[in-house]
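Residue-level listing of the chains:
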Amino acid sequence: MTKEFKFYKKIVLTIALIGSCLSYAQLTDLARLEYSFIPSSKSEDTYTRLRLMLNYPIELKEDTYFVVGAEYNRIFINLNEVYPFDREQLSALNIIDLNLGYTFKTSEYWRIGLKLNPRIASTLNHTITKDDLFLNGGVFAINDRTADPSAKKPHRWIYGLTYNTTAGVPIPLPFINYFRRINDKWSYSAGIPKSNLKYYFNESSIVQTYATLDGYFANLQRPITINGQQADNISLSVAVAGLGYEYCFTEHLVAYLYSGYTFRLRNVLRNDDRDDVFQLNERNAFYLRTGIKFKI
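Calculation criteria
Residues numbered from 1 in each chain as written. Predicted model: local features only at pLDDT ≥ 70, side-chain atom pairs only at ≥ 80, totals over all residues. Heavy atoms only, no water. Salt bridge = Lys/Arg side-chain N within 4 Å of Asp/Glu carboxyl O. Helix = DSSP H or I, 4+ residues; strand = E, 2+ residues; numbered from the N terminus. Buried < 20%, exposed > 50% of the residue type's maximum accessible area, 1.4 Å probe, protein only. Contact = heavy atoms within 4.5 Å.

Caption draft 1: The arrangement of the pattern of salt bridges in detail. Scanning the model with the defined rule gives 15 salt bridges in all. Glu34 is paired through a salt bridge with Arg49; the nearest N and O atoms lie 3.5 Å apart. Highlighted residues: Glu34 in strand β1 (residues 29–38) and Arg49 in strand β2 (residues 46–61), separated in sequence by 15 residues. Taking relative accessible area as the criterion, Glu34 reaches 4% and is therefore assigned buried. Arg49 sits in the buried class, given a relative accessible area of 11%. Among the salt bridges present, the one from Glu34 reaches Arg51, with a minimum N-O distance of 3.4 Å. Separated by 17 residues along the polypeptide, Glu34 in strand β1 and Arg51 in strand β2 bring together distant segments of the chain. When salt bridges that share partners are traced, they join Asp29, Arg32, Glu34, Arg49, Arg51, Glu71, Asp214 and Arg289 into one network.

Caption draft 2: Structural context of the environment of Gly101. Within the fold, Gly101 resides in strand β4 (residues 92–105). With 15 residues separating them along the chain, Gly101 and Leu116 place their C-alpha atoms 6.3 Å apart. Excluding anything up to four places from it in sequence, Gly101 contacts Tyr65, Phe66, Val67, Leu114 and Lys115.

Structural data, given as structure tokens:
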């Protein structure tokens, strides 16, 4: 395998993982409780994730905030097929983030956001080591004209650079997203990690079609030996498309449900160089994500 191909694989993995750790929504979410589930009609394996996030904004001065918070993900991996290793070692993963953010306005329509995420991602079978520690972060420039009455086409641009040691890519990667409210009934968003097309029954009831990326990466505190090779990490990257529904109890409190089907599911045990050691079940499957969030 060439160095160029290895590097390309790492970039693809990093982009997939941006979906779960560096989306712009996390800059505005103050609290989130979420459940996601990936079963498979062609396999006995299932993947379940419980997610809890809390952020607290501290106003330093007008339009300038420091945000401190934390996020916990508990991932249950139910491997019920036959595999050449002890499946109990992979029964659960823990991902713990410290969220540190800073955001300020530079003009009426421009805002800068910075985000730093020290992370523990591990099976946590015993004491935490340096291999369980990762660092993610990003810097974003947001041009928001959605509430500008003079804008002919209300929209929002987000430009950014993200850095993710989880996948081992040693360079910042670009991030871009465009949102446009077409009229009272329609809007769309294009970018990574999520694109969607929304229809508003009213401002409280919204349905959408979407495509998004999701995934995780974690250290195995008890490495697994398979066919003479040692697996030190596990990763899942998912590309999924489907339908979603949001109900806004208030302007800030939102319940949501997304269902869909994966068109790319890659679950891999990896060595310390992030090279593939063993591919777990990769059959495409139904996808469900639901929860409630409180946002700015």
